[in-house]
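# An overview of the molecular structure
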Amino acid sequence: MEWKNREGYPDNFLWGAATSSFQIEGAATADGKGVSVIDVMEKKADITDFSVASDHYHHMEEDVALMAELGLKIYRFSIAWTRIFPDGNGEVNQKGVDFYNRLIDTLKKYEIEPLVTMYHFDYPQALVEQYGGWISRQSIDDYHSYAAFLFKTFGDRVKYWLTINEQDHVIRFSSRLGITEGSYIEKMWLGYQANHHMCVATARVIETFHRLGMKGKIGPAVSYSWIHPSSSNPADVLASKDAALIKNNYLLDLHCKGIYSKAFWKYLEERNYTPKINEGDMELIRQNPPTMIGVNYYYSETAEAFPANDKHPIGYHKETPLPTAEAGIFNIIKNPQLPATDWGWEIDPAGLRLTLRELYERYEIPLIITENGIGAYDKLEAGDVVQDDYRIDYLQKHIQQIQLAMNEGAEVFGYCAWSFMDLVSARNGVQKRYGFVYINREEFDLKDLRRIKKKSFNWYKEVIRSNGEKVWKN
Ligand code: BG6
């Protein structure tokens, strides 16, 4: 719809930016930190590892001062589980606790609200070795104990908690589960079992959050790509709906409604992917829905029908980590209407508006955008200048669409751009930069790790200062 009147962002809207521990902290073995699945992941020859990253661990005060200069109202970061419990359970590492206490206190000093992700891909390797990690039911207890420890230790200052980041991606990128062997099918089956355990674990953590009388909000951060049909052919429309179910909605149906929808369960059954569900699991999940949903949105996708045939029978799929084609269901194709980033991610601000409306209409749970941004090959020019106009353009158009979605009824209370500073991309190294702050390092040459404000830094500062009005002006 087009509107004659546009309401502004509410005064208490939480303008923010996000990062995750392993992508910025570095200090991978410092001060008693234990090993995570990220530390032992197979390395690609042309991409750096995460051992130094942006060295935030040693630049924390300077980085938070920059956040304050930017005017952030909220900062999303994750706690590295293995800094707190090096073995995933058991002994606490006080130095890890001290680091996050200092970070939270520094944020508070500048009146920046901390938004804590309890677990963002960096699962303790020791738990994988002890019992297989998330694929074992034992994982539920350890995650719950870790989360309860965080509530008790930091809960006096932290109001907003994200339980698990992009659970759907964790189960599909098997290295993030610590699984290194097995066929694609076996890995997917284990992935859905792990997924079930993560849902039960999340529900237990939410139950404890309420039992401890914690103030604030809690929920998962989910990845969500809006899925368009490739044409008005009803078969393509059905393909887009089914792709949305398998890629996006199944998970929030679980978290928010406590159900495996009938179509999704049949999908799992036909592929022998059904997880083992214990008595009481579904009841526990149903009784403990999240009180907020974190939305990670970067791009939309476009699906066409993919009829099964002799060559591609039902069950055939492309063996890509994220589902891109399954015979009898859908095939993801390029959308000729949309520009794309250097990594082929299709830029679609309206897709974010559609996503927010859809999520709020389906679940009626307050939303916060926990990631949104563009990865690019930024260039550092003479005089410490980074002219990232493409980032300004991307963010501006997305922030406009959020406001429109809110005008249309979606309850959104905050926005965290990805990312506050340059970091090591989850899959593409340092060369794919996302930040408002440039980190002076290359893939393998650490240079001086100097912090440099990009053009987008000053632009976003104005967006925050004007409470969003800046995005409607050039
Ligand atoms: C999300 C993750 O999947 O997307 C982040 O939560 C990640 O950790 C971001 O960095 C962008 O993906 P990538 O692969 O470009 O780093």
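All values reported here derive from a predicted model rather than from experimental measurement.

Conventions used here
Residues numbered from 1 in each chain as written. Predicted model: local features only at pLDDT ≥ 70, side-chain atom pairs only at ≥ 80, totals over all residues. Heavy atoms only, no water. Helix = DSSP H or I, 4+ residues; strand = E, 2+ residues; numbered from the N terminus. Contact = heavy atoms within 4.5 Å. Axes fitted to C-alpha atoms, helices over the stretch in contact; angles between N-to-C directions. Parallel < 35°, antiparallel > 145°, perpendicular 65-115°, else oblique. Left-handed = near helix turned anticlockwise from the far one by under 90°. Nonpolar A, V, L, I, M, F, W, Y, C, P; charged D, E, K, R; others polar. Pairing = 2+ DSSP bridges.

## Some thoughts on the environment of Ile74
Here Ile74 lies in strand β2 (residues 74-78). Considering only alpha carbons, one finds Ile74 and Val92, 18 residues apart in sequence, at a separation of 28 Å. Not counting residues within four places of it along the chain, the set of residues in contact with Ile74 comprises Leu14, Trp15, Gly16, Ala17, Ile112, Glu113, Leu115, Tyr160, Ile368 and Cys416.

## Focus on the packing of helix α10 (residues 234-257) against helix α11 (residues 262-270)
Closest axis-to-axis distance for the α10/α11 pair is 11 Å, and the angle between their directions is 120°. Considered as vectors, α10 and α11 are oriented oblique to each other. Between α10 and α11 lies a crossing of left-handed hand. Of α11, the residues touching α10 (which contributes Leu245, Ile246 and Tyr250) are Ala263, Phe264 and Tyr267. Across the contact of α10 with α11, the residue classes break down as six nonpolar, no polar and no charged.

## Describing the sheet that holds strand β10 (residues 330-333)
Taken in spatial order, the four strands of this open sheet run β6-β8-β10-β9, and their pairing is mixed. Each having just a single partner strand, β6 (227-229) and β9 (325-326) make up the two edges of the open sheet. Relative to β10, strand β8 (residues 301-304) runs antiparallel, the two being bridged by three bridges. Of the residues in β10, the one forming a bridge with Glu304 is Asn331.

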